[in-house]
Amino acid sequence: MRTSGDHKFTAAQFDQILQDLPAQYQATMISIGKKQFASQYANLLSLSIEAEERHLDQTEEFRHMVDFDRKMLLAQLVMNDLARVAGAVSADEVREYYDSHPEQYSQVHVRGIYVPFSVATPSDPGARPPLGTQPETTKPQLTEQEAQTKIQDLRRRVESGEDMAALAKAESDHPTASAGGDFGFLMRGQLAPELTDTIFSLAPGQLSEPVRDRFGFFLLRVEEKRVQPLLEVQAAIQTNLSNLKLQASMQKLQQSYAVTLNPRYFPDKQPSGEPAPAPAP
């Protein structure tokens, strides 16, 4: 690599430059590639050489900029150090958290049938579900009573031994219908509270009573219950615990450096268009 002023860099020197880049510039380098970044770096170096020749590095403005950038870099370095030391999480801590929070990793494999009812009139389109939240359908629109009667009939048919997956494909008006009503494994919080409460209260193989939501009725069956294996969630747990430790360390550090803001210069609410008053001597 060659720049104005006949500066040269070896491959090792350029690799070191890349390695030492702040995180935000690392992302830029990755997105544009080494070659384009090298060209931009050469232009940057050329401009900096020109600035030195103009003695801009000796101005008060430059000294203020350097001082601010120095503080920013030092703050980032101490953050990195805190993350490395205070944010370290052991395998035992991950296991302990996993074992003590089984509800977070409980999953239920659900199969369901959904029968919507019409809640709108031609003059009240706002009463329909928002576009995209329910599938478009060519099935006749049912009243609430008709939908309730249909879902109860479907429940009786499943209880009598009919294949629920086949019924879901034929009768369900839900995005899962093509998959035989298979919702897959669900965790708490993925469905509305009334649905979550229902599926987590059922035993494997148990069929729910019809559950009403704002736009229709669900018939749900639990196929299987499980707790996610630690291997699947350990990375997320480690990240979460590390962030919590880092936050605690940052709070403790900030408490060591008390900050007092002059209320005359920093009022709770600054009047629009008015400059802040000068601080008291």
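Residues numbered from 1 in each chain as written. Predicted model: local features only at pLDDT ≥ 70, side-chain atom pairs only at ≥ 80, totals over all residues. Heavy atoms only, no water.

S.K.: I'm lost on unusual backbone geometry in this one. Help?
M.R.: Negative phi characterises most residues that are not glycine, and trans characterises most peptide bonds. In this structure, H55 is a non-glycine residue whose phi angle is positive, near 60 degrees. Along the chain, H55 turns up in the loop between α3 (34-53) and α4 (60-85). (Helix = DSSP H or I, 4+ residues; strand = E, 2+ residues; numbered from the N terminus.)

S.K.: It is not clear to me how the packing of aromatic side chains should be interpreted in this structure. Could you clarify?
M.R.: Centre-to-centre distance and the angle between the planes together describe a pair of aromatic rings. In the structure shown here, the tally under the stated rule is five aromatic pairs. Aromatic pair Y265 and F266: ring centres 4.7 Å apart, planes at 80 degrees, arrangement edge-to-face. In this structure F266 comes out as partly exposed when scored by relative accessible area, which is 45%. Through a chain of ring-to-ring contacts, three or more aromatic side chains come together here, namely Y114, F183 and F218. The ring of F185 has R226 sitting right over it, with the charged end atom 4.6 Å from the ring centre. (Phe/Tyr/Trp six-rings, centres within 6.5 Å; stacked < 30°, edge-to-face > 60°. Buried < 20%, exposed > 50% of the residue type's maximum accessible area, 1.4 Å probe, protein only. Lys NZ or Arg CZ within 6 Å of the ring centre and 35° of its normal.)

S.K.: Even after reading the chapter, I still don't get helix α8 (residues 193-201), so can you show me in this structure?
M.R.: Count 3.6 residues to each turn of an α-helix, and residues three or four apart come out pointing the same way. Of all the positions in α8, only L195, T196, T198, I199 and F200 are classed as buried. Where the residues of α8 are buried, they touch β3 (106-116), β4 (182-186), β5 (211-212) and β6 (216-227). (Contact = heavy atoms within 4.5 Å.)

S.K.: How should the sheet that holds β4 be read in this particular structure?
M.R.: Whether parallel or antiparallel, the strands of a sheet pair through hydrogen bonds between backbone atoms. The strand order across the open sheet built from four strands is β4-β3-β6-β5, with neighbouring strands paired in antiparallel fashion. At either margin of the open sheet sits one strand with a lone partner, and together these are β4 and β5. With two bridges connecting them, β5 and β6 associate as antiparallel partners. Looking at β6, one finds that V211 is bridged to F218. Sheet strands touched by helix α7 (residues 164-171): β3 and β6. Its angle to β3, the strand with the most contacts, is close to 45 degrees. (Pairing = 2+ DSSP bridges. Axes fitted to C-alpha atoms, helices over the stretch in contact; angles between N-to-C directions.)

S.K.: Would you take a moment to explain the packing of helix α1 (residues 11-19) against α3 for this structure?
M.R.: The angle between the axes and the distance between the axes are what describe a pair of packed helices. At a minimum axis separation of 12 Å, α1 and α3 run at an interaxial angle of 90 degrees. The angle between the axes of α1 and α3 places the two elements in the roughly perpendicular class. On α3, the residues touching F14, D15, I17 and L18 of α1 are K34, F37, A38 and Y41. Along the lines of polarity and charge, the residues of the contact of α1 with α3 split into six nonpolar, no polar and two charged. (Parallel < 35°, antiparallel > 145°, perpendicular 65-115°, else oblique. Nonpolar A, V, L, I, M, F, W, Y, C, P; charged D, E, K, R; others polar.)

S.K.: Is there a simple way to explain the environment of R63 in this structure?
M.R.: Residue position: R63 is located in helix α4. Among the polar contacts listed, one links the side chain of R63 to the backbone oxygen of Q58, at a separation of 2.9 Å. Among the polar contacts made by the side chain of R63, one reaches the side chain of E60 at a distance of 2.8 Å. (Polar contact = N/O pair within 3.5 Å; in protein donor to acceptor, adjacent residues only side chain to side chain.)

S.K.: Honestly, the pattern of salt bridges in this entry has me stumped. Any pointers?
M.R.: Oppositely charged side chains may form a pair once their charged atoms are brought near each other. Applying the stated criterion to the full structure yields 16 salt bridges. The shortest N-O distance in the salt bridge between E50 and R54 comes to 2.9 Å. Given the relative accessible area of 33%, E50 is considered partly exposed. For R54, a relative accessible area of 58% puts it in the exposed group. A salt bridge links D99 to R95; the nearest nitrogen and oxygen atoms lie 3.3 Å apart. (Salt bridge = Lys/Arg side-chain N within 4 Å of Asp/Glu carboxyl O.)

S.K.: Teacher, can you tell me more about helix α5 (residues 91-100) here?
M.R.: Among the residues of α5, V94, Y97 and Y98 are the ones counted as buried. Angular distribution of buried residues about the axis of α5 spans 100 degrees; they occupy a single face of the element. Facing away from the buried side of α5 by more than 90 degrees, the exposed set consists of D92 and E96. (Arc of directions from axis to C-beta.)

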